[in-house]
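Below, each chain spelled out in residue letters.
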Amino acid sequence: MAVKLNTNYLKSFINENELSHIAPSCKAALDALHSGNGAGSDFLGWLTLPADYDKDEFKRIKAAAEKIKSQSEVVIVLGIGGSYLGARAVIEALRGSLYNSRFKPEIYFAGNSISPTYMNEVLSLVEGRDFSVIVVSKSGTTTETALAFRVFKKLIEERYGADSKNRIFAVTDKARGTLKELSDKMGYETFVIPDNVGGRYSVLTAVGLLPIAVAGCDIDALMAGAKAAMDELKDTDLNKNACCKYAALRNILARKGFSVEMLVAYENFFMMMNEWFKQLFGESDGKDGKGLFPASATFSTDLHSLGQFIQEGSNIIFETVVQFKNTDNDFFLENDADNLDGLNFLSDQNMSNVSEKAFLGTLLAHTEGGVPNIILELDKLDEFNLGYLLFFFMKACALSGYILGVNPFDQPGVEAYKKNMFALLGKPGYEADKAALEAQIQKLNS
Ligand code: PA5
């Protein structure tokens, strides 16, 4: 299995009885997921996607990616939440957090906030440079994305006239929604987000695959890794199914008061994977007054910011560390004859060895400080292993939600802020609440 679960450092926190006790719930969760009898079963398309994906569309994704690469110095990907995090996470994981300084075309993500400053910054990046836009929205109506698309559509039309339709690519619902209607009318090439795949489970659809292919990643290998995970992570025996056991462990820890799961990696390239993980688990778990709060850290960077709290602060955190055993991109630390900085104790070895000692030292310190550590081991980061890891986390998230007793595929809580925002902005249909909200704000500020 490409992802191995190391529980050696959990022994003082969880015993075998606890695992035996939760095993029936895990089996029930797995059965519910595979039989489609659980909550939210209309959204299980991702579970078989690595085998059942649309092969013709996959070819079109590759062709579109080549076209985009050949005609663009800059690519703007518009989307929010599940409609951008997966793509950005995979690109940074595989091509590095400095992708835009090192590779072409540059890829920027927008439509994921309502920041005027950021909008102006991204607009300045396409000044005098050829660009294309990929707009991603399943509903086609998400405010942040739609607003940004309006701006970039106008710009592209002013710049390219009749050719603008060849520079806009839409990923959306197959038949419904404003974006689909607009795309059909304007003649944009469109790609489908299947009805049965929710936003945060959509990284292996065109949502993720098109920008990932533009970045030069091997999407065949990514899908092959996901397929291997799909085939391997089915066993109901916890000791033969790392994914199911991980879901069980995080639930056991949560029941013991460890209500914050901190995803940790010792690589900068994993920072956006952390963000993807947080959305996946946060939006899936956090409802009905339940759920583990998903947090993240990049070590050793954050040992100099969050390290103190983790070691000695409130005992609510457990860590899930993603460890890469090998790298194709190591750095040899040379000896320095003068040793004026006194660092020769680190030299004559690869930097990854130093990082591994930091990992072990931190593991021992945090464990002694009362912080449980789950370790997910991967040989190295490449497309295959990342595809495996993405599927591993999506399945663990679904199983974990079922064990927790929530629907891991809906997100009713996301609507609350939208309702208030629309009312305050005077969106048609929301007028009734406007006066009451304004009065509430005035009272709170008086
Ligand atoms: O995971 C989700 O479902 C959400 O984060 C959505 O992806 C996000 O709200 C964007 O929605 P849409 O693709 O409809 O614009």
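Owing to the predicted nature of the structure, the values given are computational and were not obtained by experimental measurement.

Draft legend 1. Region of interest: the pairing of strand 8 (residues 293-298). By the criterion of burial, strand 8 is predominantly enclosed, with five of the six residues buried. Of the pairings in the sheet, the one linking strand 7 (residues 260-265) to strand 8 comprises six bridges and is parallel in character. By the bridge assignment for strand 8, Ala265 is matched with Thr298. In this view, the connection linking strand 7 to its parallel neighbour strand 8 by way of helix 12 (residues 271-285) has right-handed handedness.

Draft legend 2. Geometry of the site of the ligand. Around the ligand lies a shell of 13 residues, among which Ser83, Ser137, Ser139, Thr142 and Gln279 are the nearest. Between the ligand and Ser137, the relevant distance is 2.6 Å, taken from an oxygen atom to a side-chain nitrogen or oxygen of the residue. One of the side-chain N or O atoms of Glu283 is found 2.9 Å from an oxygen atom in the ligand. Against a free-state accessible area of 380 Å², the protein chains account for coverage of 86% of the ligand. Here the residues of the shell around the ligand are counted per class, giving one nonpolar, nine polar and three charged.

Draft legend 3. Fine view of the side chain of Ser400. Along the chain, Ser400 turns up in helix 15 (residues 383-404). Classification of Ser400 as buried rests on a relative accessible area of 1%. Setting aside anything within four residues of it in sequence, one finds Ser400 in contact with Ala247, Arg250 and Asn251.

Draft legend 4. Representation of the packing of aromatic side chains in the model. Summed over the entire model, instances satisfying the criterion amount to 23 aromatic pairs. The interplanar angle of 25° and the centroid separation of 5.9 Å between the aromatic rings of Tyr246 and Phe392 together place this pair among those described as stacked. With Tyr246 in helix 11 (residues 242-255) and Phe392 in helix 15, the pair connects residues that are 146 residues apart, well separated along the chain. Phe392 shares its class with Tyr246; the two are buried. Ring pairs connect the aromatic residues Tyr246, Trp276, Phe277, Phe281, Phe392 and Phe393, which therefore count as one cluster.

Draft legend 5. Broad picture of helix 7 (residues 143-160). With 18 residues, helix 7 should reach 26 Å at 1.5 Å per residue; the first-to-last C-alpha distance of 25 Å fits that figure. Among the residues of helix 7, those classed as buried are Glu144, Thr145, Ala148, Phe149, Phe152, Lys153, Ile156 and Tyr160. Take helix 7 and look down its axis: the buried residues cluster within an arc of 145°, on one side only. For helix 7, the exposed residues set more than 90 degrees away from the buried face come down to Arg150, Lys154 and Glu158. Where helix 7 is buried, its residues contact strand 2 (74-78), helix 6 (116-125), strand 4 (131-137), strand 5 (168-172), helix 8 (178-186) and helix 16 (415-425). Once helix 7 ends, the next one or two residues include Gly161, with phi positive near 55°.

Draft legend 6. Just helix 16, in detail. Residues Met421, Phe422 and Ala423 constitute the buried set of helix 16. Structurally, helix 16 contributes buried residues whose contacts are with helix 7 and helix 17 (431-445). Directly after helix 16, the chain includes Gly426, whose backbone phi takes a positive value near 75°.

The rules behind the values
- Residues numbered from 1 in each chain as written.
- Predicted model: local features only at pLDDT ≥ 70, side-chain atom pairs only at ≥ 80, totals over all residues.
- Heavy atoms only, no water.
- Buried < 20%, exposed > 50% of the residue type's maximum accessible area, 1.4 Å probe, protein only.
- Helix = DSSP H or I, 4+ residues; strand = E, 2+ residues; numbered from the N terminus.
- Pairing = 2+ DSSP bridges.
- Right-handed = clockwise from strand over helix to strand, strands pointing away.
- Near = heavy atom within 4 Å.
- Polar contact = N/O pair within 3.5 Å; in protein donor to acceptor, adjacent residues only side chain to side chain.
- Areas by Shrake-Rupley, 256 points an atom, 1.4 Å probe, with all protein chains shown as cover.
- Nonpolar A, V, L, I, M, F, W, Y, C, P; charged D, E, K, R; others polar.
- Contact = heavy atoms within 4.5 Å.
- Phe/Tyr/Trp six-rings, centres within 6.5 Å; stacked < 30°, edge-to-face > 60°.
- Expected span 1.5 Å × (residues − 1).
- Arc of directions from axis to C-beta.

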